[in-house]
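Architecture at a glance
Below, each chain spelled out in residue letters.
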Amino acid sequence: MFDLTPTQLDLQARARALSDGYVNARAAEIDQSEEYPWDVVEKLTGAGFMGLTIPWEYGGAGLTYFDAVLVIEQMARNCGVSARIVVEANMGGVGAIMGYGSAAQKELAASYVLNGDKPAICITEPGAGSAATEMTTTAVKTDGGYVLNGKKHWITGGGVSKLHLIFARVFEGGVDQGIGGFIAIRDETRGLRTGKREFAMGLRGLPETEVIFDDMFVPDAHVIRPPQGFRHGFAALMSAYNGQRVGAATVAHGLAVGAYERAIAFAKSREQFGRPIAEFQGLQWMIADMATGLAAAQALIYKAALSGGDGYPDKNAAAQAKIFAAENAIKVTNDALQIHGAAGYGRSLPIERIVRDARMFTIGGGTAQMLRNQVAGAVLNMKTPQTRAGYCDTPEVRQAAVH
Ligand code: FAD
């Protein structure tokens, strides 16, 4: 169904070799040190995996999201952090700039990513998580640009990423215009500061931090104004984010594949009651279910990655892939731990790390609940506002809900 071309098979094999070799050997240390793996980034850059999707004319490989998925899947089999770096260096922020940016903005983004920078995408705020459009970071028009003030949190790569794509509410002449994208460079753009780090359950080599803007000036040349204007800015920029969602689904899936492969090897070698535990039907059925879930997740991911052709994936295909792959990864990695018994619960094997890493993907980048809201809206052809006023659409009910 998803026949790979010889070039794709070669790309996949190169990714697998780097993942099974260098990346696998580093994965446990990355988790324990909780430090960003600059050495792995150097290898990823050398292999050409940073900026695969950047067009030829800007120095990238000009490949598709589907090609990037093939690389991410292999990386995640051994290391979720390394795989997420590949996602963010091909999708998300860089994807939005390549789709909506000016030629100069594309050149700027390419110059960072192709030299090993994993861009940061800054949307979430303390008061605006799932309700992202309630963001309060402001971008106020001034001579030659915009002045940004506000605080984002849970920003992946805070303090290590240079290139930042920041979503902010735009005000011109005191009037709210909608949401725009603003490009800033850490250590170069004055007023951009890294705040507190959140120490997380998994994926520990990637810092998640606050990013704070204090009167940060962004020149007009670094503003992303989607073709239909700021009024449609959030929807336009989020269409680029569908690529990131397919990438995140792939990391979850790859982690699950890694756990599954390890569980099979363990089940064949571990003996109890005088025979390999793989001979017990109770485990065989678990393994059959794991294999089935993984096949389904991969099919949804590949379908979503291909859905946009050379462009961004379809939003509902991306949502379905992320919902399913993220939830399946939690199940499969937990079953893999179960098959390992105490050995899986111990820290000397990678399984407990993989379980922790896989837990994230029903949350970050759109929760499984919010994505279900979106899919249901498409299936039912209904847009159900999530706000209190939206749910309570008679004056009486609205009045009752307020009190
Ligand atoms: P909330 O919105 O507070 O939700 C809490 C719970 O309520 C969830 O279960 C949610 O599904 C549910 N819920 C909320 N509203 C509804 C509704 N209408 N219907 C049904 N259920 C609902 N953000 C960035 O901008 N950039 C990043 O780089 C980034 N990286 C991240 C990395 C990690 C590891 C994590 C964990 C998060 C990251 N995020 C990032 C933030 C992430 O996108 C948000 O956590 C996510 O959008 C959810 O927001 P929240 O955590 O505030 O949860």
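All figures in this text were calculated on a predicted structure; none of them were measured in a lab.

1. Let's talk about the overall build of the protein
When helices and strands are tallied, the protein shows 14 helices and ten strands. In terms of overall size, the protein behaves like a compact globule, its C-alpha atoms giving a radius of gyration of 22 Å where 403 residues would be expected to give roughly 22 Å. Seen through its C-alpha atoms, the protein measures out along the principal axes to roughly 80 × 60 × 40 Å. Considering the protein as a whole, with its 403 residues, one finds that 48% of them fall into the buried category. Counting contacts in the protein only where the partners sit at least 6 residues apart, residues at least 24 apart contribute 72% of the total.

2. Notes on the site of the ligand
As a structural note, the neighbourhood of the ligand is formed by 22 residues, with Ile123, Gly129, Ser130, Gly364 and Thr367 the closest of them. A breakdown of the residues in the shell around the ligand according to their chemical character gives ten nonpolar, eleven polar and one charged.

3. Description of the domain arrangement of the protein
For the protein, the assigned domains are domain 1 (6-113), domain 2 (120-228) and domain 3 (234-380). Here domain 2 and domain 3 have C-alpha centroids that lie 30 Å from each other. On the domain 3 side, the residues contacting the eleven residues of domain 2 number nine residues. In the side of domain 2 that touches domain 3, the residues fall into five nonpolar, six polar and no charged.

4. Examining the nonpolar core
By size, the foremost hydrophobic cluster in this structure holds 114 residues, and its most contacted members are Val86, Ala252 and Ile301. The element best represented in this core is helix 7 (residues 233-269), accounting for 19 residues. Not counting residues up to four positions away in its chain, the partners in contact with Ala252 are Ala325, Ala326, Ala329, Ala358 and Phe361.

5. Considering the packing of helix 2 (residues 38-46) against helix 4 (residues 80-88)
Packing of helix 2 against helix 4 leaves a shortest axis separation of 11 Å and a crossing angle of 50°. In terms of orientation, helix 2 lies oblique with respect to helix 4. Viewed along their axes, helix 2 and helix 4 form a crossing whose handedness is right-handed. Of the residues in helix 4, those touching helix 2 at Val40, Val41 and Leu44 are Ser82, Ile85 and Val86. When grouped by side-chain class, the residues that make up the contact of helix 2 with helix 4 number five nonpolar, one polar and no charged.

6. As for helix 12 (residues 368-380)
Helix length check: helix 12, at 13 residues, gives a terminal C-alpha distance of 18 Å against a target of 18 Å (1.5 Å per residue), a fit within 8%. Residue Asn381 follows helix 12 closely and has a positive phi angle near 55°.

7. What to know about the packing of helix 4 against helix 7
Running from N to C, helix 4 and helix 7 point in directions that differ by 160°, and their axes come no closer than 9 Å. What the angle tells us is that helix 4 and helix 7 run roughly antiparallel. Remark: the crossing between helix 4 and helix 7 carries right-handed chirality. Judged by residue contacts, Gly80, Ala83, Arg84 and Val87 of helix 4 engage Gln244, Gly247, Ala248, Val251, Gly254 and Leu255 from helix 7.

8. Examining the pairing of strand 7 (residues 208-219)
Each regular strand displays side chains that alternate between the two surfaces of the sheet. Where strand 3 (residues 145-156) meets strand 7, nine bridges bridge the pair, whose relative direction is antiparallel. Directly across from Val147, in strand 7, lies its bridge partner Phe217. Of the pairings in the sheet, the one linking strand 6 (residues 192-198) to strand 7 comprises five bridges and is antiparallel in character. The residue of strand 7 that forms the bridge with Glu198 is Glu208.

9. Observations regarding the environment of Arg26
Considering the arrangement of structural elements, one finds Arg26 in helix 1 (residues 6-33). On the basis of neighbour counts, which here come to 20 C-beta atoms within 10 Å, the residue Arg26 falls in the buried class. Residues Arg26 and Asp39 lie 13 residues apart in sequence; the distance between their C-alpha atoms is 9.4 Å. Sequence-distant contacts of Arg26, defined by excluding residues within four places in its chain, comprise Pro37 and Val40.

10. Here we look at the environment of Thr136
By secondary structure assignment, the location of Thr136 is in the loop between strand 1 (120-122) and strand 2 (138-142). When neighbours within four sequence positions are excluded, Thr136 is seen to be in contact with Glu125, Gly127, Ala128, Gly150 and Arg169.

Calculation rules
Residues numbered from 1 in each chain as written. Predicted model: local features only at pLDDT ≥ 70, side-chain atom pairs only at ≥ 80, totals over all residues. Helix = DSSP H or I, 4+ residues; strand = E, 2+ residues; numbered from the N terminus. Rg over C-alpha atoms; globule rule 2.2 N^0.38 Å. Buried ≥ 20, exposed ≤ 12 C-beta atoms within 10 Å, placed from the backbone. Contact = placed C-beta atoms within 7 Å. Near = placed C-beta within 6 Å. Nonpolar A, V, L, I, M, F, W, Y, C, P; charged D, E, K, R; others polar. Domains from an automatic or database assignment. Core = buried A, V, L, I, M, F, W, Y, C linked by C-beta atoms within 7 Å. Axes fitted to C-alpha atoms, helices over the stretch in contact; angles between N-to-C directions. Parallel < 35°, antiparallel > 145°, perpendicular 65-115°, else oblique. Left-handed = near helix turned anticlockwise from the far one by under 90°. Expected span 1.5 Å × (residues − 1). Pairing = 2+ DSSP bridges.

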